[in-house]
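Coordinates in review
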Amino acid sequence: MSGEEFVPLSLTPLLIGIFAAVACALPGNFLLLRKQALIGDAISHVVLPGIVVAFLLTGAISAAPMMLGAAGAAVVAVVLIEAIRRLGRIEPGAAMGVVFTTMFAGGVLLLEQTDTSSVHLDVEHALYGNLESLIWLDATGWSSLLDPQALAHLPVELPRMALTLLAVVLFIAVFWRVLKISTFDEGFARTLGIRTNLLGLALVITAAVAAVAAFDAVGSIIVIAMFICPPAAARMMSNQLEGQVAWSVGFAVLSAVFGYVLAGYGPLWLGAQDAVSAAGMIATVSGLILAVSARFGPCRNRSGAPVGV
Amino acid sequence: MLIDALLLQLGYNATLVAIGATLLGVSAGVTGTFLFLRKRALVSDAISHATLPGVCLAFILMASFGGDGRNLVGLLLGSAVSASAGLWCLNWLTRNTRLAEDAAIGSVLSVFFGFGIVLLTVIQTLGVGRQAGLEGFLLGSTAGMLWADAMVIAVGGAVTLLLILLIRRPMTLVAFDPEYAAARGLPVSKIDMAMMGLVMAVTVVGLKIVGLILIVALLIIPAVTARFWTERSDYVVLLAGLAGGLSAYIGAAMSASAPNLPTGPIIVLMSFALFLFSLLFAPNRGVLAAVLRHFRFQRRVHLRQGLLALAQGQPIYEKLTLRLLRNGGLVRADGVATDKGKARAAKALRDERRWAVVRADQAHEAAAALYDGLRQIESVLTQDQITEIDRHIGGPKEVLA
């Protein structure tokens, strides 16, 4: 395929997909090790009511209020889960189930009650996004990458996702040591004077920011898959946190690239006319990677557990 | 309008939906209770998301063989097959790898759902005509439900209930104490599998009404709600069935009574309302009860400390303590103890002294462990023991001037 076709049609969605996948996979590593993997699932469900409320308040589809609304909803959900868990003495899984389903139901109801026919806002879009539509119309080929005029018309999701990724990387790099200590031994971390509660909250908020930004570009299904599958697959590959994070980034990139390519060109190879959902395909590919690593990964067993039990 | 809907006066279709939803709500509530007590509530999330690829594959299969792709029984069969595949993956991942159950749940639900969405887009492009509300399975759609569909749901709900009735005792045992159940010789893993099978059945039956994203709510919320009201597992099961049935019934009626009220979300919000009420007002486990308990405790502590201060002739400045003492007629408005107050204060001080003896004596170790500064010593020791202690302390002595 030539650059004339690739750059305007595929480069930006591919990059956005990769950035989103990596931005979710990085905090996902720590959530997985802290047994909070489903926080990503909960966040991606509650983003919907946040966005709908933001739309109702501002009356327009614009990025900033929607991101704010989604982030607000994520924080509300985390607080509610914690409140219900403590007030009702309910196990965390059930508390999470109560909160995210209710907020999602509220979001759907609000969406049905308001007239959104004039704008592009519906449940299906929220679930699986529209990665394929984020094309760069002003590009004419590889040379456009150096053309400031064409660059000015990049889809706005690309720089936003890149910024988010940068923020996530910065957070993890700055807090690497304390995150590592508090993830593996919270009691020890506290004796060192690390504020583990605050750190845990900061991690969840970082995850929420990544989820909201990715959600805006690619829908919530990728968010859940990327929070869990690449870190889980990486967990089978390494016993070192550094190794696990590196593997997870690799897996995230791999699933984004292969998922996008398979969704865009796979059906054409098979003789079909149209592409299939890229978001769904990326999730599927990440699942395949997980399946392979769960079957053959060198560190797939619980340490100390006898093989084959 | 709502009254009409609640009394099933809104016509044939609305009545069908309301009855089907109620049956579904009851069986979801009952099934979900065992899941909740087993602390595996979110497994239902994985199961429900894993139904999507099955629905799509069944549609493609039926359509490509020239049949009607929308045959509900076929679609539900397909969803059951892929849900059990998802369940198998989930169990395999938790058993054979180092992943914890939550990570396995998350990966199964996202991957199966992602694959389902790929298949949905395949169906869209396949050109087999109107993909005919397969998206309805995401959020449920009851508009245009047929008599046959309602029958499938009703029969499915009834069969599930019957099965639960048969295996409720082993399931309760496994939910509370799997090790003990195994020691009793019960096949724990098979019972777990049966439990998951029931969850799957409820999910599949509920796909049409509330949709696969929200069916989780019907499995979790009624069980959590019922748990607030009682400590006995059989009552929890009954109450959860009641809560589930009630919210499904009212939800379905409400959604029939006005436009733009989708059934699934309304049912979920209805059951959340019941949950919220229980969280706040349930006796014993509710928030209100806890607040009242806190205030009662606070009053006891203040009263006790006030009496001890009176007995030792210390001045009391704390407002709550003063008010409590005054309201009890133990001190006068100027803070001087009344006769009753003096008697109670002397008793409190003597009890403290008795406790000190008890706590210093190894022989009373068990009783001493119960000391918390508030407990009445008479509720711990017998009258004889107290008399014995009093002999150590001795009676009142004359104060020499």
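Relevant structure appears above.
What counts, and at which threshold
- Residues numbered from 1 in each chain as written.
- Chains lettered and ligands numbered in written order.
- Predicted model: local features only at pLDDT ≥ 70, side-chain atom pairs only at ≥ 80, totals over all residues.
- Axes fitted to C-alpha atoms, helices over the stretch in contact; angles between N-to-C directions.
- Helix = DSSP H or I, 4+ residues; strand = E, 2+ residues; numbered from the N terminus.
- Parallel < 35°, antiparallel > 145°, perpendicular 65-115°, else oblique.
- Contact = placed C-beta atoms within 7 Å.
- Nonpolar A, V, L, I, M, F, W, Y, C, P; charged D, E, K, R; others polar.
- Buried ≥ 20, exposed ≤ 12 C-beta atoms within 10 Å, placed from the backbone.
- Left-handed = near helix turned anticlockwise from the far one by under 90°.

It is worth spelling out the packing of helix H13 (residues 287–311) of chain B against helix H15 (residues 339–360) of chain B at this point. Residues and elements named next belong to chain B. Their axes nearest at 8 Å, the elements H13 and H15 cross at an angle of 95 degrees. Classified by the interaxial angle, the pair formed by H13 and H15 is roughly perpendicular. Each of Arg304, Leu307, Leu308, Leu310 and Ala311 in H13 lies in contact with H15, whose residues at this interface are Gly341, Arg344, Ala345, Ala346, Ala348, Leu349 and Glu352. In the contact of H13 with H15, the residues fall into eight nonpolar, one polar and three charged.

For the rest of this paragraph, the subject is the interface of chain A and chain B. The partner chain B presents 47 residues to the 53 residues of chain A that form the contact. Elements that contribute at least two residues to the side of chain A that touches chain B include exactly helix H2 (39–58), helix H3 (63–88), helix H4 (92–113), helix H5 (123–128), helix H11 (220–235) and helix H13 (278–296) of chain A. Broken down by element, the side of chain A that touches chain B gets its largest block of residues, 14 residues, from H4(A). Its residues placed into classes, the side of chain A that touches chain B shows 29 nonpolar, 15 polar and nine charged.

A separate point is the environment of B:Ala290. All names here are of chain B. Relative to the helices and strands, Ala290 is located in helix H13. What makes Ala290 partly exposed here is the crowd of 14 C-beta atoms within 10 Å. In sequence terms Ala290 and Leu280 are ten residues apart; their C-alpha atoms lie 9.4 Å from each other.

Helix packing geometry: the angle between the two helix axes and the distance between the axes. All names here are of chain B. At a closest axis distance of 7 Å, the pairing of helix H4 (residues 51–64) and helix H6 (residues 101–126) adopts a crossing angle of 25 degrees. Here H6 runs roughly parallel to H4, going by the angle between their axes. In terms of crossing hand, the pair formed by H4 and H6 is left-handed. Contacts between H4 and H6 involve Leu52, Pro53, Cys56, Leu57, Phe59 and Ile60 from the first element and Phe112, Phe113, Phe115, Gly116, Leu119, Leu120 and Ile123 from the second. Looking at the contact of H4 with H6, its residues break down into twelve nonpolar, one polar and no charged.

With that out of the way, let us pick up the environment of B:Arg359. Residues and elements named next belong to chain B. Along the chain, Arg359 turns up in helix H15. The exposure class assigned to Arg359 is partly exposed, which follows from the 13 C-beta atoms found within 10 Å. Through-space distance from the C-alpha of Arg359 to that of Phe297 is 23 Å; in sequence the pair is 62 residues apart. With near-sequence residues (within four places) excluded, Arg359 lies in contact with Ala368 and Tyr371.

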